[in-house]
Each structure stands twice: as C-alpha cells, then as structure tokens.
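Breakdown of the fold
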Amino acid sequence: MDHHIDMPLPPGGPLEFVPGGAPTAFNWQYPEDREQLAALYEKSKRLQWNATTDIDWSIDVDLERNPPGFTPEVFNLLTRPPKPFDDRMLLEFKTHRSAWMLSQFMHGEQGALVATAALASAVPDLDAKFYASQQVADEARHVEVYRRYLTTKIGLAYPVNPHLDTLLRQIVSDDRWDMIYLGMQIMVEGLALAAFGFMNIMEPEEKLIQQITGYVIRDEARHVGFGVLSLGDIYRQMTAAEMKEREEFVVEASYLMRDRLLMEEVWERLGLEKKTWVEWSLQTPFMNGFRQILFSKIVPNLRRLGLLTPYVREHLEKIGVLQFESLPDSTQDEGVSIPPALMQFFGQLMAQGVQIEVPTPPNSSAS
Ligand SMILES: [Fe+2]
Ligand SMILES: [Fe+2]
C-alpha cells in the first residue's frame, strides 16, 4: 500500500541556514600519493547503484508482521515496560519506532550529504577530494531511498531530533576540516552503520528495508573506512593541545548521540508520559543494549585514531560503551560485528520461543 505524506517540520520551519564552515582548498600539485584512498575511490566507482532501478519498490511493507513467536507477552517479559503492551500498543510502538528511527537516518543522511560536499571542498589532499566526491553521490542516494520509504511505504515521519540537529550544526560550522571527518565519518556514520546492521537483524521479515539496508551498509562501511584512513596520519602529528580539542569534541558528540536515542518524540506522540518512558528506555537492558550496540563501530575507530585517551575512556565508560574497544576497526572489518550484548538478547528471545535468524558474525574472532 502506498501512502504519500508531507514531511513534518521542526520548530524552525522547512529551511535552516548554518553560517561558518571550513575554508576551500585548491590543490594545484595533483599528487598521487595516497594509495589506500585511491583504492577506495576505485572501489566506490565500481559499487555505485541506482536507487530507482536496483531496489524493488513493488515489495509491500507490512509492519504488522512480526517474527513468529514475538508476542506482547514476550516483549513485556524481556523489557518490563512501565505499562504492559497489548497487540495494538506493540504495533503502534513498532510503527512509530521504525518511522522515528528511519526519519533520523534520513536526516543524518542529509547531514552526511552536505558535510561531505563541504569536505570535498575543504580537504587539501587530492585523493581525499576524489573520494569525498563519490561519497556525496552515495549520500544523495541514501536520502533518496529513506525519503521514498518513509513517504510512500510507512506513511509516517518525524522531524529532525534536536540533539541530532545540534550535532550536525556543530559539524558543518566548524572551520577545521578534520572536525567534519571526525564528527561525520567517525561519529555519525559509525553510529548509522551499526544502526543499519541492527535494523537488518531485527526486521528480517521486511524484505524492502533489507534490500535498502544491504546497499546502504556497503556504502557506509567505505565511508567510515575513509574517515579512519584520512585522519590516522593527521592525528599522529598533532600536538597534545590540538588533540585535547578533538577529545572534547568526541565526548560532547557521544552524549548528544546517546541523548538522541531516547526517542522522546515517540513517547509524546504515543500519548505516554515522557519522563517515565525515557527513564525506562535508559534502564531496560533491551534499550540499553540497543544504544550500546550503536557505539560498537565508533569505539574501535576512536582507538585506531589514538583518541581513546583516559579522558575519552572515562566518559565512554559512563555511557556504558567502552567494552567495544577490542572489536576490529573499520579498516579491518567492513561488516557490522554483532556485539556480545546483542547475541545475548537474541538468546533470550529464542529461549522464549521467538523464531529469529541469528546471523553469523562476519568477524567472530572479535567477540
Ligand atoms: Fe549515508
Ligand atoms: Fe555515509
């Protein structure tokens, strides 16, 4: 069934203009010295796809479909919500959660689109400019697929989350180009990559979103790898004072991202008391596990960049995500490793008789 809806707007209206940003860099030397970046650029050209023709948009989306055995009783038992869910409530929750999450994906993708365009302009390295230009096209496609899915398949969407908006503004208004990488490629994209992986695992019945996510993950894995490759050398040469600014940015961004995952808007739209449900979502192991998993790509990449300093570690520990530091980083592992916490949750679901397919972790030595 196709719906077609208008996009709901944030309080600031349909357009937002952010001043500032990094200066434009021309490189007249045209150096060919970044072999790994050049290889990534080649790979990107090979793996382009067309959202109009490569995705089968005729596939019907039915959010009432659940994995066999996934009932309100099992949900209540495993997550202990403030008010037990019945069938109707579970469906409403699922619909709104999907619409909210995919809306934030779409807004994040638009952020990635404009930030990578800024990066192509600001980064001094020519191979990095080449690659960034490929990524701009990738991100346009990602905005395109999520917009189409939300407006024609789910028929429900949410405005940009205020915490995400703050983070995106910060990233694009910074005049240091490495901050665009750090904020967008390492933090925002790292989270998105894990979220897409999570979505793919949790919605095995939704063939359309599976198709979309499969393509998007392949692109995003390259994007995160691009950030890790580009920043590694630069950060090794920075002074302690310069690195300290990067550490502070990482910590601030981590809190903004954690706060963006509390789904405040969803509780409001469902007519539930926001405070109670936010508290629940901060505490219930399922929601906690979900938020933690979203950091599973970020933490190893920060380690690779030399940013897992005592100060950063202290705060990641507070958020409860430091345990991912030993997972492989995005230059070693293109897929989404399934962290032990999620495997455990799958085990609990299956113990309750829910029939889900637990995918084999692409890099099982990581857990
Ligand atoms: Fe993207
Ligand atoms: Fe991306």
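All values reported here derive from a predicted model rather than from experimental measurement. (Residues numbered from 1 in each chain as written. Chains lettered and ligands numbered in written order. Predicted model: local features only at pLDDT ≥ 70, side-chain atom pairs only at ≥ 80, totals over all residues.)

Here we look at the packing of helix α4 (residues 126-154) against helix α7 (residues 207-236)
The geometry of α4 relative to α7 is characterised by a closest axis approach of 10 Å and an angle of 155° between their N-to-C directions. The orientation of α4 relative to α7 falls into the category roughly antiparallel. Between α4 and α7 the crossing geometry is left-handed. In contact with Ala 128, Tyr 131, Gln 135, Asp 138, His 142, Val 145, Tyr 149 and Lys 153 of α4, α7 contributes Leu 208, Ile 209, Ile 212, Val 216, Asp 219, His 223, Phe 226 and Ser 230. Residue composition of the contact of α4 with α7, by class: nine nonpolar, four polar and three charged. (Axes fitted to C-alpha atoms, helices over the stretch in contact; angles between N-to-C directions. Helix = DSSP H or I, 4+ residues; strand = E, 2+ residues; numbered from the N terminus. Parallel < 35°, antiparallel > 145°, perpendicular 65-115°, else oblique. Left-handed = near helix turned anticlockwise from the far one by under 90°. Contact = placed C-beta atoms within 7 Å. Nonpolar A, V, L, I, M, F, W, Y, C, P; charged D, E, K, R; others polar.)

Structural notes on the environment of Val 228
Locating Val 228 in the fold gives a position in helix α7. Between the C-alpha atoms of Val 228 and Arg 176, which are 52 residues apart in sequence, the distance is 17 Å. For Val 228, the residues in contact, after removing those within four places along its chain, are Asn 301, Arg 304, Leu 305, Asp 329, Ser 330 and Thr 331.

Some remarks on the nonpolar core
Formed by 83 residues in total, the largest nonpolar core has its most connected members in Leu 119, Ile 180 and Leu 191. Looking at this core, the element that brings in the most residues is helix α6 (residues 177-202), giving 17 residues. Aside from chain neighbours lying at most four places away, what touches Leu 119 is Ala 132, Trp 177, Ile 180 and Tyr 181. (Core = buried A, V, L, I, M, F, W, Y, C linked by C-beta atoms within 7 Å. Buried ≥ 20, exposed ≤ 12 C-beta atoms within 10 Å, placed from the backbone.)

Observations regarding helix α1 (residues 35-46)
The end-to-end C-alpha separation of α1 is 17 Å, in line with the 16 Å expected for twelve residues at 1.5 Å each. Where α1 is buried, its residues meet α4 and α7. (Expected span 1.5 Å × (residues − 1).)

Structural notes on unusual backbone geometry
Backbone geometry places Arg 80, a non-glycine residue, at a positive phi of 45°. Within the secondary structure, Arg 80 is located in the loop between α2 (72-79) and α3 (87-122). For Arg 80, a count of 13 C-beta atoms within 10 Å corresponds to the partly exposed category. Backbone geometry at Met 263 places phi at a positive 55°, although glycine is not the residue there.

Description of the confidence of the model for the protein
Confidence in the prediction for the protein averages 87 pLDDT; 93% of positions are at 70 or higher. At the level of individual helices and strands, the protein shows its lowest average pLDDT in helix α11 (residues 285-293), which scores 74, and its highest in α4, which scores 95. For residues 361-367, every residue scores under 50 in pLDDT, and the model assigns this stretch 16 contacts once sequence neighbours within four places are set aside. (pLDDT = per-residue confidence, 0-100.)

What about the environment of Met 179?
Within the secondary structure, Met 179 sits in helix α6. Take Met 179: there are 20 C-beta atoms within 10 Å of it, and that puts it in the buried class. In sequence terms Met 179 and Val 354 are 175 residues apart; their C-alpha atoms lie 43 Å from each other. If we skip the residues at most four places from it in the chain, Met 179 touches Ile 171, Asp 174 and Phe 249.

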